[in-house]
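For reference, the chains in residue letters:
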Amino acid sequence: MSVWIAIAVTAVGCYLVKLAGLLVPGDVLERPLVRRLAALVPVALLAALTAEQTFGAAGSLTVDARAAGLAAAALALVLRAPFLIVVAAAVLVTAGVRAIGG
């Protein structure tokens, strides 16, 4: 039963966050600092999520095939490759390193 309580609390929390966003006055949202933060926060969150998923395993720092895939994706981005090529490079390098035994 505690799972359903957690689901209900999460649903209510999401609704309240959405409601709070709708209640913010428009002039607050037009401030340059707020606009800049709104543009930068998703990038920072995505970078943190990528780093945690790549280097974190069981609460410790781990460097394995995922790090090689991330490096391949970063190199493809530096070379200005299209997004599908970036993803394909990361997948192929990660799979290759795992196949070799890394």
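Everything that follows concerns the structure shown earlier in this document.
Residues numbered from 1 in each chain as written. Predicted model: local features only at pLDDT ≥ 70, side-chain atom pairs only at ≥ 80, totals over all residues. Heavy atoms only, no water.

1. Section: the overall build of the chain
Now for step 1: Looking only at helices and strands, the chain features five helices and two strands.
Now for step 2: What you see in the chain, going N to C, is helices and strands ordered as α-α-α-β-β-α-α.
Now for step 3: Computed over its C-alpha atoms, the radius of gyration of the chain comes to 20 Å, more than 25% above the 13 Å expected for a compact globule of 102 residues.
Now for step 4: Principal-axis analysis of the C-alpha atoms gives the chain an extent of 55 × 45 × 25 Å.
Now for step 5: When burial is assessed residue by residue, the chain has 10% of its 102 residues classed as buried.
Now for step 6: A separation of at least 24 residues holds for 30% of the contacts in the chain among residues at least 6 apart in sequence.
Now for step 7: As displayed, the chain has an accessible area near 8100 Å², and 76% of this comes from carbon and sulfur atoms.
Now for step 8: Averaged over its 7 positive side-chain charges, the chain has a centre that lies 5 Å from the centre of its 4 negative ones. (Helix = DSSP H or I, 4+ residues; strand = E, 2+ residues; numbered from the N terminus. Rg over C-alpha atoms; globule rule 2.2 N^0.38 Å. Buried < 20%, exposed > 50% of the residue type's maximum accessible area, 1.4 Å probe, protein only. Contact = heavy atoms within 4.5 Å. Areas by Shrake-Rupley, 256 points an atom, 1.4 Å probe, with all protein chains shown as cover. Lys, Arg positive; Asp, Glu negative; His and termini not counted. Charge placed at Lys NZ, Arg CZ, Asp CG, Glu CD.)

2. Some words on the pattern of salt bridges
Now for step 1: Under the counting rule described, the total for this entry stands at two salt bridges.
Now for step 2: Between Glu30 and Arg35 there is a salt bridge whose closest N-O contact spans 2.7 Å.
Now for step 3: Salt-bridge contacts for Arg66 lead to Asp64; the nearest nitrogen and oxygen are separated by 3.2 Å.
Now for step 4: For Asp64, a relative accessible area of 28% puts it in the partly exposed group. (Salt bridge = Lys/Arg side-chain N within 4 Å of Asp/Glu carboxyl O.)

3. Topic: the side chain of Thr94
Now for step 1: Note that Thr94 resides in helix H5 (residues 83-100).
Now for step 2: In contact with Thr94, other than residues within four places in its own chain, are Ala65, Arg66 and Gly69.

4. Observations concerning a nonpolar patch on the surface
Now for step 1: A contiguous nonpolar patch, built from Val12, Tyr15, Leu16, Leu19 and Leu23 and spanning about 520 Å² of accessible area, is present on the exposed surface.
Now for step 2: Looking at where Leu23 falls in the secondary structure, it is placed in helix H1 (residues 2-23). (Patch = residues over 30% accessible without salt bridge, like charges linked within 9 Å, V, L, I, M, F, W, Y side chains within 5 Å.)

5. Describing the packing of helix H3 (residues 32-55) against helix H4 (residues 65-78)
Now for step 1: In the contact formed by H3 and H4, the axes pass within 8 Å of each other and the chain directions differ by 140°. On the basis of their axis angle, the class for H3 and H4 is oblique. Between H3 and H4, the contacting residues are Thr50, Gln53, Thr54 and Phe55 on the first element and Arg66, Ala67 and Leu70 on the second.
Now for step 2: Split by residue class, the contact of H3 with H4 holds three nonpolar, three polar and one charged. (Axes fitted to C-alpha atoms, helices over the stretch in contact; angles between N-to-C directions. Parallel < 35°, antiparallel > 145°, perpendicular 65-115°, else oblique. Nonpolar A, V, L, I, M, F, W, Y, C, P; charged D, E, K, R; others polar.)

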